[in-house]
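Chain by chain, the residues:
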Amino acid sequence: MTECVFCKIANGEIATNLVAESEHAVAFNDIHPAQPIHVLVVPKRHFTDIADLAAADEVVLLDLLKLGTKVADEMSTGSFRFQFNTGAEAGQTVFHAHGHITSRTPRL
Ligand code: AMP
Ligand code: ZN
């Protein structure tokens, strides 16, 4: 049993409305949105952060980046940030790798 909240979301233990899914990653809305669009993209398998993921599995890394950019393109006008807070001092609070997609310009 894992105590990791993003593992629980990825394996369905915690219900969430998925925005999108790929073979190795899921995308869902951030519970505390900082901008009109605020989506998190996380690998289905547990990695501590993006550096851990990049070192461990290029296939999962590419799959996650492609899912994130696809979601960002579909939901925004094309102006967005895709940000990976890495380490507590950089603001990381959930230690399961995740990218934040934020945008102020939703596609209507
Ligand atoms: P970070 O500070 O980069 O680790 O980002 C963690 C993000 O996860 C924050 O923006 C939180 O609002 C978000 N978050 C934490 N728990 C949940 C949850 N159960 N569902 C959706 N987003 C969450
Ligand atoms: Zn996890």
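Residues numbered from 1 in each chain as written. Chains lettered and ligands numbered in written order. Predicted model: local features only at pLDDT ≥ 70, side-chain atom pairs only at ≥ 80, totals over all residues. Heavy atoms only, no water.

Colleague: I'd like to hear about the site of ligand 1, residue by residue, with values.
Modeller: Contacts to ligand 1 come from 16 residues, most closely from Asp30, Asn85, Gly91, Thr93 and His100. Contact distances for ligand 1 include 2.8 Å between an oxygen atom and a side-chain N or O atom of Asn85. Taking His100, its side chain carries an N or O atom lying 2.8 Å from an oxygen atom of ligand 1. Its free accessible area being 510 Å², ligand 1 has 81% of it covered by the protein chains. (Near = heavy atom within 4 Å. Polar contact = N/O pair within 3.5 Å; in protein donor to acceptor, adjacent residues only side chain to side chain. Areas by Shrake-Rupley, 256 points an atom, 1.4 Å probe, with all protein chains shown as cover.)

Colleague: Run through the environment of Gln35, naming residues and quoting values.
Modeller: Its place among the elements puts Gln35 in the loop between strand 2 (25–29) and strand 3 (37–43). Apart from residues no more than four positions distant in its own chain, Gln35 is found in contact with Thr102, Ser103 and Arg104. Here Ser103 takes part through its backbone nitrogen, which lies 3.3 Å from a polar atom of the side chain of Gln35. (Helix = DSSP H or I, 4+ residues; strand = E, 2+ residues; numbered from the N terminus. Contact = heavy atoms within 4.5 Å.)

Colleague: Tell me about the packing of aromatic side chains, and name the residues and values.
Modeller: In total, this model carries 2 aromatic pairs according to the counting rule given. Plain terms: the ring middles of Phe6 and Phe28 are 5.5 Å apart, the flat faces sit at 75° to each other, and that makes the pair edge-to-face. Taken together, the positions of Phe6 in helix 1 (residues 5–10) and Phe28 in strand 2 put the pair 22 residues apart, joining distant regions of the chain. For the pair Phe6 and Phe28, one class covers both residues: buried. (Phe/Tyr/Trp six-rings, centres within 6.5 Å; stacked < 30°, edge-to-face > 60°. Buried < 20%, exposed > 50% of the residue type's maximum accessible area, 1.4 Å probe, protein only.)

Fair warning: the whole summary comes from geometry, so function is off the table for now.
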